[in-house]
Every structure is written in C-alpha cells, then in structure tokens.
Amino acid sequence: RAGNEAYLGKRYSEAIRRMTYCVEMLEQAGLGAGKDALRVRSNRAAALHARGWCGDAMSAVWDCDFYMANTDKNAKPMAAKRISCLKKGGCYREAKKSCLQFQSKYGTGTEDDHGVGEMLERLNKVLGMRRVLSESSQSSDDDDGEHYHHDREEESEDG
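All figures in this text were calculated on a predicted structure; none of them were measured in a lab. (Residues numbered from 1 in each chain as written. Predicted model: local features only at pLDDT ≥ 70, side-chain atom pairs only at ≥ 80, totals over all residues. Heavy atoms only, no water.)

**Notes on the side chain of Ser98**
This is how the line gets drawn: Only runs of H or I of at least four residues qualify as helices and only runs of E of at least two qualify as strands under DSSP, and these elements are numbered from the N terminus. Exposure categories follow from relative accessible area, calculated using a 1.4 Å probe and restricted to protein chains: below 20% of the type maximum is buried, above 50% is exposed, and the middle band is partly exposed. Pairs of residues are marked as contacts when any of their non-hydrogen atoms sit within 4.5 Å.
Inspection of the secondary structure puts Ser98 in helix α6 (residues 92–106). When its relative accessible area of 7% is taken as the criterion, Ser98 is described as buried. Apart from the residues lying within four places of it in its own chain, the contact partners of Ser98 are Arg82, Ile83 and Leu86.

The following block contains the structure:
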C-alpha cells in the first residue's frame, strides 16, 4: 500500500524501493509468483516506467515478462505496458516486433488496443528515420562530408 501511495504521489524512487522490498518478502515466504507478488511487480513496472532512469525501462520489461509468464490475467494491458517500456528503453525493433505480435494475438484497429496501434506508427517512423540517417551517414562517409559543408555554405549565403 505504501508503494502505491508513493507512486500516486509521484515519488517513484520511494515507490520502487518499497515495492522491491515487498517482492523480496513475498519471495522469501515462497509466494514470489503469487497473486500479490504479481500485482506488486505490475505496479513496480509502472513506477519504473514513470521514473525513467537509465535501465528502468528494461527492469520494467523484466517485471512485465515475469508477470505474463505466471498469469494470463490482464495479459493484454501488460503486453502493451511491456511494449511501451521497450520503446522507452530504446529497443525499437523489439518493440515493433512485440506490437506486431500483439496485433496478431488481439487484432488490429480495436478501440481497446491500449495505444499499441499508435506506438507501432511511431516506431515505424523512428525506425524509418534511423534507416534514412544511417544511409545518409554512409553516403556522406563516401564523400568525406563535402556535401554537408557545401549545403551549410549555401544556407549562410541565403540567410
């Protein structure tokens, strides 16, 4: 309860610390995959996602994976949360793959897709931009960057 109150108060580090302690106590009691531990892991994933420190997104993905491996309850929103965490962690290809799996399992164009359709659109844009930038970088490596400097000179003459 204290972890959830900290989360609602946007005290994410405190929430994560309290929820981690709770999971550890449940694991020591042999209840690490029980209903209460799964609920705490789900909430901790949300707190990790919200805090956004380096590595938090991947820790949240791990909590989501653990949750989904141990129960089918709330699988759809948990899968969407996992995708959001992958995206936030910069794992764009894995997030896109997970979006496609989500849509294959739950359908496309549904109102209750938990934002997965929109995330997929954004991921496609990001991955497309990365591809273009990568191709541009490779071509500029071939001409030793002369094209870039030439464009800058033209801009400064016009400005």
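From this point on, the discussion continues.
**Observations concerning unusual backbone geometry**
Most peptide bonds are trans, and most residues other than glycine sit at a negative phi. One non-glycine residue, Lys10, lies in the positive phi region at around 60°. Inspection of the secondary structure puts Lys10 in the loop between α1 (2–8) and α2 (12–28).

**Some words on the pattern of salt bridges**
Charged atoms that come close allow side chains of opposite charge to pair. What counts, and what does not: Any Lys or Arg side-chain nitrogen located within 4 Å of an Asp or Glu carboxyl oxygen qualifies as a salt bridge.
This structure, assessed with the given rule, holds ten salt bridges. Between Arg39 and Asp36 there is a salt bridge; the shortest N-O distance is 2.5 Å. A residue pair is termed a helical-turn pair when its members lie 3 or 4 positions apart in one helix, as Arg39 and Asp36 do in helix α3 (residues 35–51) at three residues. Owing to a relative accessible area of 43%, Arg39 belongs among the partly exposed residues under this scheme. On the basis of relative accessibility, which here comes to 41%, the residue Asp36 falls in the partly exposed class.

**With respect to the packing of α3 against helix α5 (residues 75–88)**
Quick reminder of the rule: Here an angle of 0 to 180 degrees is reported between the N-to-C directions of two axes, which are lines fitted to C-alpha atoms, with helices fitted over the stretch in contact. Small angles under 35 degrees read as roughly parallel and large ones over 145 as roughly antiparallel, with 65 to 115 read as roughly perpendicular and the rest as oblique. Should the near helix be turned counterclockwise from the far one by less than a right angle, the crossing is left-handed, whereas a clockwise turn marks it as right-handed. For this classification, Asp, Glu, Lys and Arg are treated as charged, while Ala, Val, Leu, Ile, Met, Phe, Trp, Tyr, Cys and Pro are nonpolar and the rest, including Gly, are polar.
α5 packs onto α3 with a crossing angle of 30° between their chain directions and a minimal axis gap of 11 Å. With respect to α5, the element α3 is oriented roughly parallel. In this structure, the crossing between α3 and α5 has a hand that is left-handed. In this structure, α3 uses Ser42, Ala45, Ala46, His49 and Ala50 to contact α5, whose residues at the interface are Met78, Lys81, Ser84, Cys85 and Lys88. The residue inventory of the contact of α3 with α5, partitioned by class, reads five nonpolar, three polar and two charged.

**Some thoughts on the nonpolar core**
Spelled out, the test is: For this analysis, a nonpolar core means a set of buried residues of the types Ala, Val, Leu, Ile, Met, Phe, Trp, Tyr and Cys, connected via side-chain atoms within 4.5 Å.
In terms of nonpolar packing, the biggest core is built from 27 residues, with Ile83, Cys99, Phe102 and Val116 touching the most fellow members. Breaking this core down by element, the ones donating at least two residues are α2, α3, α4 (56–70), α5, α6 and α7 (116–142). Broken down by element, this core gets its largest block of residues, six residues, from α5. Those residues in contact with Phe102, other than ones at most four positions away along the chain, are Lys76, Ala79, Ala80, Ile83, Gly107, Asp113 and Val116.

The analysis is restricted to geometry; functional conclusions fall outside its scope.
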